[in-house]
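The lines below spell out each chain.
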Amino acid sequence: MLFNSFHFLIFFPVVTILYFVLPHRFRWFLLLLASVYFYMAFVPVYILILAFTIVIDYIAGIYIEKSQGKKRKVLLVISLISNIGVLAFFKYFNFINLNITEVLHALGTSNPIPFLSILLPIGLSFHTFQAMSYTIEVYRGKQPAERNFGIYALYVMFYPQLVAGPIERPQNLIHQFYEEHSFDYERVASGLRLMLWGLFKKAVIADRLAAVADKVFNNTHQFAGPGLVIGIVFFAFQIFCDFSGYSDMAIGAARVMGFRLMKNFDRPYSAKSISELWSRWHISLSTWFRDYLYISLGGSRVSIPRWYFNLFFVFLVSGLWHGANWTFVLWGALHGFYLVFGLLTKDIRAYFTRISGLFKLPGLQNALRILIVFSLTSFAWIFFRANSFADAMYVVSHLFAGWGSVVSVSGISNLLASLNVNREALIIAFLSVLILEVVQYLNAKKDGLSARIAALPIGLRWGLYYCAILAILFFGVFESRQFIYFQF
Amino acid sequence: MHQDIKKIIVRGLLFLLPLIVLLVSLEVYLRQIPTSYSVKRVYLEQQENNVQVLALGSSHAYFGINPSYFGLVGFNLADVGQTLFYDKELALKYIDAMPKLKCVLIESSYFSFGYDLNGKTPEGWRDYFYYHYWGIKQPNLTMDSRAWSYTMLYTPRAVLGYLFRGAPTVSMERTGWSPFEHGDAISDEAGRIRVANHDASIRPENYERNISYLKTILSALKERGIGSVIVSEPTYKTYYQFLNTQTEKRDDEILSNLCKDYGCGRYNFTRDQRFTIRDFADNDHLNPDGAKKFSAILGAEVLPRACKAD
């Protein structure tokens, strides 16, 4: 079930109303049933996969807590292997098999292992990581094992964040299922506002930009530098609005019912360094990798070469998490390289900033840094979005080609025609990105935009809501476009 | 808490009321917009008692057959993108309501056997128009929002355009024929692209189903003693020179065998040299002059043989 569907438009108010109507002791059960229904709306039989990992981790959690010494580690490993095993099978089997085939082919032989026609269970990467977070935290002694099977199942399956995060921690979420949430008008209104904003980002901005980005990336060889750059920049905003829009809808839906989910995006394209970018982009995933992989490898408390290796390795794995394709691994490797390079050149860059006098112009310095980080991020997005490595290399090698063709009005017209974009669509795209940046800027201020809107007179407030709804209705794209991160 | 719940219910209803009024108004407005489907149905049902010749088919027939030149009372029941499924459904729905019906012209294009709207193709939205305006439901039709909301069917974006610029009009004569003045440029390049598009729409898996639809039509007509004739419309050389001859040959064989079994006439005007560039609106559709010429030829050469005598 997609958040931007009529099915959800019926599902959400029904579940929410029932939630507040039911006595507190039955609410977790309602949410569990709703979450099961939500998940089964995709491919019903895949609930069995989820059930399998839930049972394993529930039992593992209890026995890890009860056990001592080496046994605890064994149980943790069993839990992690079962989770990673399911993920590896459904997500990476054909990728691994493809690579084996190519190696064997190079050696002059064939691969007897057949490829499987497997549909990736929706949200597998997300709920797997959330489940792994639970057993690791129980093992570390930071989370008591959950004895109530239903509550544990709800922790894994909580529908607002089941299929695309935020990837929650048990310390943050499980106790909330035991707390009674009363109906609070301001909180409900705030949650609905956030859902509306998320839907605006998805339907009006992301899906509109997607039409151009898809045109470019599905037909790379038809474009030169100007078209390719437009496609890349459009994709950069598409993926941000798509994913953060979903996160906003998830956080908003949970907030309506009184649940607090973690923030997942914090104006990532205003980051002034790559490390800052990763403290602002997909925060739940980057902190997961920090806490469970990076720190386990030693983090920065090792020799400098090992530290750099740890950073690079974590981003390689992060790339692989995103998709079963070498382009995703390359994307992750690029970000790992950016981070390590940034650390290596920190002193040199500080030196040049000093001697150039740029430090006297902090505004300009920040603007340059933001532009550089955005450019580096967008460059990496080429590999994330490209349909193949060959396509990605074509884009990279033609970024600076053909710019002479857009110095004339007719050249620009031809470019827009090749992108299937008319002037009106381009204006809507730019206006909506402008709205996005303004809203984010205002939201970053002390009081936050949501609180300021809540303080407006009701006429003005409702006027804003109507504008957003009408914009979604008339400028949104309703072609059942799935959220990008659903494929992970 | 009770105060908060009461507050949100009251405010929620007040907030939603204008939106509901807007959506309902849009639905009412959109249902008034004439479409080729709604207009054609009205014209057909006004004249069904008098129709002697019925024409079925896709845009080639819709623009290319003008019943005013048949010499008999005719009606053009073809439409853009109309598949053999809808030809069959419409024929079965109306032939018994036409007491004077003598014969049915079924247009067969290069892509007729291989093409299906099926809801998922770029023209799949037409399935919903047949559902709304003709009451014909394609078996695999996904009953999504387009099945009950005209706003979603037209798309809200298009509706906004209609509100500001006015809704599109339908140019159709009472015979069901629609004039088509100008389309794509008539050129080798445009013709080649057009044939490539048609080739891309042909799916082998659709053949069996479409042949069965055509058999159903021919069988029903034969049972009722109504003449049937399968016609391929004229196209210009910039189009027919790129046609896959194997596809044409296969389709011709199928049609020949069907006409042997069901006693239908078969006329192929695809490469008819009587039609010049002045008769075409684009590479494969006749303009009004071409439609007049073609319909007169049908009236003189085809209908006298195909239609049952009084």
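Everything below is about the structure shown above.
Computed from a predicted model, the values in this text were never measured in an experiment. Here, residues in each chain are numbered from 1, in the same order as that chain's written sequence. Each chain gets a letter, beginning with A, and each ligand a number, beginning with 1, in the order they are written. In view of the model being predicted, local features appear only for residues whose pLDDT reaches at least 70, and side-chain atom pairs are presented and counted only at 80 or more, with totals across whole chains, interfaces and linings using the full set of residues. Side-chain measures were taken over the full set of non-hydrogen atoms in the model, leaving aside hydrogen atoms and water.

Here we look at the packing of aromatic side chains
Residues and elements named next belong to chain A.
Inference 1: Pairing of aromatic side chains requires ring centres within 6.5 Å, counting the rings of Phe and Tyr and the six-membered ring of Trp. Pairs whose planes differ by under 30 degrees are stacked, by over 60 edge-to-face, and all others tilted. Overall, the coordinates contain 84 aromatic pairs over all chains when judged by the stated rule.
Inference 2: When the ring of Y269 is compared with that of W281, the centres are 6.0 Å apart and the planes differ by 35°; the resulting orientation is tilted. Of the two residues, Y269 is situated in the loop between α10 (225-256) and α11 (274-277) and W281 in the loop between α11 and α12 (283-294); the sequence distance between them amounts to twelve residues. The same class applies to Y269 as to W281, namely buried. In DSSP terms, a helix is any run of H or I states spanning at least four residues, a strand is any run of E spanning at least two, and both are numbered starting from the N terminus. Relative accessibility thresholds used throughout: buried, under 20% of the residue-type maximum; exposed, over 50%; partly exposed, between the two (1.4 Å probe, protein chains only).

Side note on the sheet that holds strand β3 (residues 103-107) of chain B
Paired through their backbone hydrogen bonds, the strands of a sheet run either parallel or antiparallel.
All names here are of chain B.
Inference 1: Overall, parallel pairing links the five strands, which are arranged β2-β1-β3-β4-β5 in an open sheet. The sheet is open, and its two borders are formed by β2 (74-76) and β5 (265-268), each paired with just one other strand. Strand-to-strand twist across the sheet, computed as the mean angle between neighbouring axes with direction ignored, equals 20°.
Inference 2: Where helix α11 (residues 245-262) meets the sheet, its contacts fall on β4 (227-232) and β5, and the angle it forms with β5 comes to roughly 155°.
Inference 3: Contact between two residues is taken to exist if any of their heavy atoms lie within 4.5 Å; hydrogens are not considered. An axis is simply a line fitted to the C-alpha atoms; with a helix, the fit covers only the stretch in contact. Between two such axes, the angle follows the N-to-C directions and lies from 0 to 180 degrees. Strands β1 (53-56), β3, β4 and β5 of the sheet are contacted by helix α12 (residues 288-306), whose axis makes an angle of about 145° with β4. For two strands to count as paired, DSSP must find a minimum of two bridges between them.

Regarding the interface of chain A and chain B
Interfaces are often sized by the amount of accessible area the parts lose when they come together.
Inference 1: Opposite the 21 residues of chain A that make contact, chain B presents 20 residues.
Inference 2: Surface buried jointly by chain A and chain B totals about 2,000 Å² across both partners, of which 77% is contributed by carbon and sulfur atoms.
Inference 3: Any carboxyl oxygen of Asp or Glu within 4 Å of a side-chain nitrogen of Lys or Arg constitutes a salt bridge here. At the junction of chain A with chain B, the criterion picks out zero salt bridges.
Inference 4: Polar contacts, as used here, are pairs of N or O atoms within 3.5 Å; protein pairs need one atom able to donate a hydrogen and one able to accept it. Residues neighboring in sequence count only if both atoms are side-chain atoms. Our count for the contact surface shared by chain A and chain B stands at three residue pairs in polar contact (both at pLDDT 80 or more).
Inference 5: Those elements that provide at least two residues to the side of chain A that touches chain B are α9 (185-217), α19 (423-443) and α21 (458-475) of chain A.
Inference 6: Considering each element in turn, the side of chain A that touches chain B owes the most residues, ten residues, to α21 of chain A.
Inference 7: When residues are sorted by character, Ala, Val, Leu, Ile, Met, Phe, Trp, Tyr, Cys and Pro go into the nonpolar class, Asp, Glu, Lys and Arg into the charged class, and all the rest, Gly among them, into the polar class. Residue composition of the side of chain A that touches chain B, grouped by class: 15 nonpolar, one polar and five charged. As a working definition, buried area equals the accessible area (1.4 Å probe) given up by two parts on being put together, with both sides summed.

A few points about the pairing of β1 of chain B
Side-chain direction in a regular strand flips from residue to residue, so the side chains alternate between the two faces of the sheet.
All names here are of chain B.
Inference 1: Going residue by residue along β1, you find V53 and A55 tucked away on one face and L54 and L56 tucked away on the opposite face as well.
Inference 2: Bridge count for β1 against β2 is three bridges, and the pairing is parallel. Bridging from a neighbouring strand, L54 pairs with F75 of β2.
Inference 3: Whether a crossover is right-handed depends on one test, that the path from the first strand over the helix to the second runs clockwise when the strands point away from the viewer. Remark: the β1/helix α3 (residues 59-64)/β2 crossover connection has right-handed handedness.
Inference 4: Sheet topology places β1 next to β3; four bridges connect them, and they run parallel. Paired with A55 across the two strands is L105, which belongs to β3.

Brief notes about the state of the cysteines
Inference 1: When the sulfur atoms of two cysteines come within 2.5 Å, that pair is taken as a disulfide. Evaluation of the coordinates by the stated rule reveals two disulfides over all chains.
Inference 2: The disulfide that involves C103 of chain B links it to C307 of chain B, with 1.8 Å between the sulfurs. Placement of the pair is C103 of chain B in strand β3 and C307 of chain B in the segment after α12, with a sequence separation of 204 residues.
Inference 3: A residue is classified by how much of its surface remains accessible, and C103 of chain B, at 0% relative accessible area, is buried.
Inference 4: Cysteines bonded in chain B are numbered consecutively along the chain; their disulfide partners then correspond to 1-4, 2-3.
Inference 5: No disulfide involves C241 of chain A; its sulfur sits 19 Å from the nearest other cysteine sulfur, which is in C467 of chain A.

A short note on empty space enclosed by the protein
All names here are of chain B.
Inference 1: Definitions used throughout: a 1 Å grid over protein atoms alone; a cavity as a set of points that fits a 1.4 Å probe which cannot get out; a pocket as an open set with protein on both sides within 12 Å along at least five of seven lines; a lining residue as one with an atom within 4 Å of a point. Grid points are joined across faces, edges and corners, and a volume is the space filled by probe spheres set on the points. A complete count under the given rule lists four cavities of 30 Å³ or more for this structure.
Inference 2: A volume near 210 Å³ is recorded for the largest cavity.
Inference 3: Taken together, 18 residues line the largest cavity, and the ones lying closest to its centre are S108, S109, Y110, S232 and T270.
Inference 4: At the level of elements, α11 and β5 are the ones that each hand at least two residues to the lining of the largest cavity.
Inference 5: Sorting elements by how many residues they give to the lining of the largest cavity places α11 first, with four residues.
Inference 6: Across the lining of the largest cavity, the residue classes tally to five nonpolar, seven polar and six charged.
Inference 7: Counted as a void, the second largest cavity has a volume near 80 Å³.
Inference 8: Lining the second largest cavity we find G57, S58, Q82, T83, L84, D87, E107, F111, S112 and Y115.
Inference 9: A breakdown of the residues in the lining of the second largest cavity according to their chemical character gives three nonpolar, five polar and two charged.

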